[in-house]
Amino acid sequence: MHLYVLGRLLSVGRAVLAALQEQLNALCWSLTPLSLSLPFLGWQRDSAPRREREQERDDGSPTPTSVNYHFTRQCNYKCGFCFHTAKTSFVLPLEEAKRGLTMLKEAGMEKINFSGGEPFLHDRGEFIGKLVQFCKQELELPSVTIVSNGSLIRERWFKKYGEYLDILAISCDSFNEDVNVLIGRGQGKKNHVENLHKLRQWCREYAVAFKINSVINRFNVEEDMNEQIKALNPVRWKVFQCLLIEGENSGEDALREAEKFVISDEDFERFLDRHKDVSCLVPESNEKMRDSYLILDEYMRFLNCRNGRKEPSKSILDVGVEAAIKFSGFDEKMFLTRGGKYVWSKADMKLDW
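All of these numbers come straight from a predicted model, not from anything done at the bench.

Colleague: For the overall build of the protein, give the residues involved together with the corresponding values.
Modeller: The helix and strand inventory of the protein stands at 14 helices and 10 strands. Each of the 353 residues in the protein was classed as buried or not, and the buried ones make up 53%. Here the analysis covers contacts within the protein between residues at least 6 apart in sequence; of these, 75% occur between residues at least 24 apart. Here the protein has roughly 16,800 Å² of accessible surface; of this, 51% comes from carbon and sulfur atoms.

Colleague: Could you give an account of the side chain of Ser66, naming the residues involved and the relevant values?
Modeller: Here Ser66 shows up in strand E1 (residues 66-70). You can call Ser66 buried: its relative accessible area is 9%. Excluding residues within four positions of it along the chain, Ser66 makes contact with Lys111, Leu294, Phe335 and Trp344.

Colleague: Tell me what's going on with the side chain of Ser285, and back it up with residues and numbers.
Modeller: Mapping Ser285 onto the fold places it in the loop between strand E7 (281-284) and helix H10 (286-289). You can call Ser285 buried: its relative accessible area is 18%. Not counting the four nearest positions on each side in its chain, Ser285 is found in contact with Gln241 and Phe268.

Colleague: Run through the nonpolar core, naming residues and quoting values.
Modeller: Formed by 67 residues in total, the largest nonpolar core has its most connected members in Tyr69, Leu101, Ile112, Phe114 and Trp237. In terms of residues, this core owes the most to one element, helix H4 (residues 126-138), which gives six residues. Once you skip the residues sitting within four places of it in the chain, Trp237 turns out to touch Ile212, Ser214, Met225, Ile229, Phe271, His275, Val278, Cys280, Leu281 and Val282. Phe81, Val215, Met289 and Ile295 belong to the second largest nonpolar core, which has 16 residues in total.

Colleague: Can you break down the pattern of salt bridges residue by residue, with the values?
Modeller: For the structure on display, the rule yields 18 salt bridges. Arg338 serves as the salt-bridge partner of Glu284, at 3.3 Å between the closest nitrogen and oxygen. Placement of the pair is Glu284 in strand E7 and Arg338 in the loop between helix H13 (332-337) and helix H14 (346-349), with a sequence separation of 54 residues. Like Glu284, the residue Arg338 is buried in the burial classification.

Colleague: Explain the packing of helix H3 (residues 94-106) against H4 to me, and be specific about the residues and the numbers.
Modeller: Running from amino to carboxyl end, H3 crosses H4 at an angle of 30 degrees, the nearest separation of the two axes being 11 Å. In this structure, H3 meets H4 at a crossing whose hand is right-handed. In this structure, H3 uses Leu94, Ala97, Lys98, Leu101 and Thr102 to contact H4, whose residues at the interface are Phe127, Lys130, Leu131, Phe134 and Cys135. Residues that form the contact of H3 with H4 fall into these classes: seven nonpolar, one polar and two charged.

Colleague: Before we move on, can you summarise the confidence of the model for the protein with the specific residues and values?
Modeller: Detailed conclusions should not be drawn from predicted coordinates in areas where pLDDT is low. Considering every residue of the protein, the mean pLDDT works out to 86; 83% of them sit at 70 or more. Confidence over residues 1-8 falls short of pLDDT 50; this stretch has zero contacts with residues more than four positions distant or in other chains. Below a pLDDT of 50 lies the segment residues 30-58, which in the model reaches 46 contacts outside its immediate sequence neighbourhood of four places, other chains included.

Thresholds applied
- Chains are numbered independently. Their residues run from 1 in the order of the written sequence.
- Thresholds applied to this predicted model are a pLDDT of at least 70 for local features of residues and 80 or more for the giving and counting of side-chain atom pairs; totals over whole chains, interfaces and linings are not thresholded and use all residues.
- Side-chain descriptors were evaluated using all non-hydrogen atoms of the structure, hydrogens and water having been removed beforehand.
- Secondary structure elements follow DSSP: runs of H or I no shorter than four residues count as helices, runs of E no shorter than two count as strands, and numbering proceeds from the N terminus.
- With a 1.4 Å probe rolled over the protein chains alone, any residue whose accessible area is under 20% of its type maximum counts as buried; one over 50% counts as exposed, and the rest are partly exposed.
- Contact between two residues is taken to exist if any of their heavy atoms lie within 4.5 Å; hydrogens are not considered.
- Note on areas: these come from Shrake-Rupley sampling with a 1.4 Å probe, and a residue is covered only by the protein chains present in the view.
- Nonpolar cores are built from buried Ala, Val, Leu, Ile, Met, Phe, Trp, Tyr and Cys residues. Side-chain atoms within 4.5 Å join them into one set.
- Definition used for salt bridges: Asp or Glu carboxyl oxygen within 4 Å of a side-chain nitrogen of Lys or Arg.
- Every angle, taken between N-to-C directions, lies between 0 and 180 degrees, and every axis is a line fitted to C-alpha atoms, over only the stretch in contact when it is a helix.
- In this scheme, a crossing is called left-handed if the near helix is turned counterclockwise away from the far one by less than a right angle; it is called right-handed if the turn is clockwise.
- Each residue gets one of three labels, nonpolar for Ala, Val, Leu, Ile, Met, Phe, Trp, Tyr, Cys and Pro, charged for Asp, Glu, Lys and Arg, and polar for the others, Gly among them.
- Confidence of the predictor at the level of single residues is given by pLDDT, which spans 0 to 100.

The structure is reproduced here in structure tokens:
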């Protein structure tokens, strides 16, 4: 009993410290937006393994051709396998986010993917809308995309910002609503699958390419999705194998416990084989996925997943893109091998809207 009470006290203590750190981080943005080297807040989390990784690189820094910017960790869903969880509620001020995106464009970025958390949760979708418009109109990026659960998107958003968006990817792990609820992808009486079809129609009406992302896990691995995917006809159906990331969905300091969702490589291959006739299928195993994405967190730090957890670089706003990207763990060859570069501008897709 004493051990239980002690454990609860430790958990509460960790939560309080995390909340205090978050408030200090936000305060520092308002006081010193151009100088973020604050070791007591974790901005200079350097380590011997990371220094060794930098020394091993003799081929120069990779080009940030395609970047995934997780500008918020907050979400209105509770997906049990989520590997980018709500550890903070911090969101960069809009102008600082634009400054970082400009730096990435100057470093060679061609595609930006906004993700979360849930991108439409912050400022009722206005924040993400302004970023999308800025990237397409001001930075003239070939591809601007969003990954969302779709529950908070309204038609008025498409009317205002749809012309600036190339691809909208909606996360849908099952076409059985009971399974979606079991996974945590549910919100009250709203039907995730019905909403998916509504969003598909809006994408047609407002000339936005439609994509579906599915995480294959213990609860949907036996499902046959052929008929539903072909009916929705997305430009891409990205199928991920459930992935464990320590500190996010696995381990003592994680907000999720995803072990019960994990499937074997053989299970994943069986699912892929069952859907091999779906022409838009793009499979991504754990091996392909882990190091082939350039991920920016809410502070615009690259996240290195090579050691099975997300180790942050310094912020690009503090040290620049070239210095920060050296610590990203990004495997540029695997990025190309998995088909990370594709026809990603809606102007080049020649779709029948």
